[in-house]
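Given next are the chains, with one letter for each unit.
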Amino acid sequence: LPLNSKRQTQNEQSITLPGQISSLETYDYNPQLTYKFLMDHIVSQIPLKWFEFGSALAITPPQMEEIKENHPSNENRAFADVIQIWQTEKPCPFTWETLLMVLESS
């Protein structure tokens, strides 16, 4: 995924989100990681990557298959389910660091 990150401090990230600004520009942005932020700013940029994203977050294969069966043609809804599982069941920590690692690995 075209995400550039440069760590400033533990609490401050310099990131470039695809489609928002040039890949040559970065800005300091440290919003609270919320379901709404993820849906508005991350999912909207990569809706077709929901399966890879969920797998990278260690969401179990049976959970991923259930999501796929429940939403065969609705990627946004499938991504929403992935984020909901990540946020509530915490197979991986629900943190910016985890999110950045997953996005960089895809």
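Conventions and cut-offs
Residues numbered from 1 in each chain as written. Predicted model: local features only at pLDDT ≥ 70, side-chain atom pairs only at ≥ 80, totals over all residues. Heavy atoms only, no water. Helix = DSSP H or I, 4+ residues; strand = E, 2+ residues; numbered from the N terminus. Buried < 20%, exposed > 50% of the residue type's maximum accessible area, 1.4 Å probe, protein only. Areas by Shrake-Rupley, 256 points an atom, 1.4 Å probe, with all protein chains shown as cover. pLDDT = per-residue confidence, 0-100. Salt bridge = Lys/Arg side-chain N within 4 Å of Asp/Glu carboxyl O. Polar contact = N/O pair within 3.5 Å; in protein donor to acceptor, adjacent residues only side chain to side chain. Contact = heavy atoms within 4.5 Å. Expected span 1.5 Å × (residues − 1).

*Asks:* What's the story with the overall build of the protein in this structure? I'm lost.
*Replies:* Within the protein, the regular secondary structure consists of 5 helices and 3 strands. When the elements of the protein are put in sequence order from the N terminus, they spell out β-β-β-α-α-α-α-α. Looking at the protein residue by residue over its 106 residues, the buried ones come to 37%. Summed over all atoms, the accessible surface of the protein reaches about 6,200 Å², with 50% contributed by carbon and sulfur.

*Asks:* What should I look at first to understand the confidence of the model for the protein in this one?
*Replies:* Caution applies to low-pLDDT regions: their predicted coordinates should not be interpreted in detail. Of the residues in the protein, 71% have a pLDDT of 70 or more, and the chain-wide mean is 77. Within the protein, helix H3 (residues 61–70) carries the highest mean pLDDT (96), whereas strand E1 (residues 4–7) carries the lowest (40).

*Asks:* I would appreciate a short explanation of unusual backbone geometry in the present structure.
*Replies:* Residues apart from glycine generally show negative phi values, whereas peptide bonds are mostly found in trans. Although it is not a glycine, Ala58 sits at a positive phi angle of roughly 70 degrees. Mapped onto the elements, Ala58 comes out in the loop between helix H2 (50–56) and H3. Exposure remark for Ala58: the relative accessible area of 41% places this residue in the partly exposed category.

*Asks:* How should I be thinking about the pattern of salt bridges in this particular structure?
*Replies:* A side chain with one charge may pair with a side chain of the opposite charge, provided their charged atoms come close. Evaluation of the coordinates by the stated rule reveals 2 salt bridges. In this structure, Lys36 and Asp40 form a salt bridge, with 2.6 Å as the shortest nitrogen-oxygen distance. A residue pair is termed a helical-turn pair when its members lie 3 or 4 positions apart in one helix, as Lys36 and Asp40 do in helix H1 (residues 35–43) at 4 residues. The class for Lys36 is exposed, based on a relative accessible area of 56%.

*Asks:* Any chance you could explain the side chain of Asp81 here in plain terms?
*Replies:* Note that Asp81 resides in helix H4 (residues 75–89). Polar contacts involving the side chain of Asp81 include one to the side chain of His71, which spans 2.7 Å. Ignoring sequence-local partners within four residues, the contact set of Asp81 consists of Ile67 and His71.

*Asks:* When you look at H4 in this model, what are you seeing that I'm missing?
*Replies:* Because an α-helix completes one turn every 3.6 residues, residues spaced three or four positions apart along the sequence face the same direction. Helix length check: H4 (15 residues) gives 21 Å between terminal C-alpha atoms against 21 Å at 1.5 Å per residue, within 8%. Along H4, the positions that sit buried rather than exposed are Ala78, Phe79, Ala80, Asp81, Val82, Ile83, Ile85 and Trp86. Contacts from the buried residues of H4 go to H1, H2, H3 and helix H5 (96–105).

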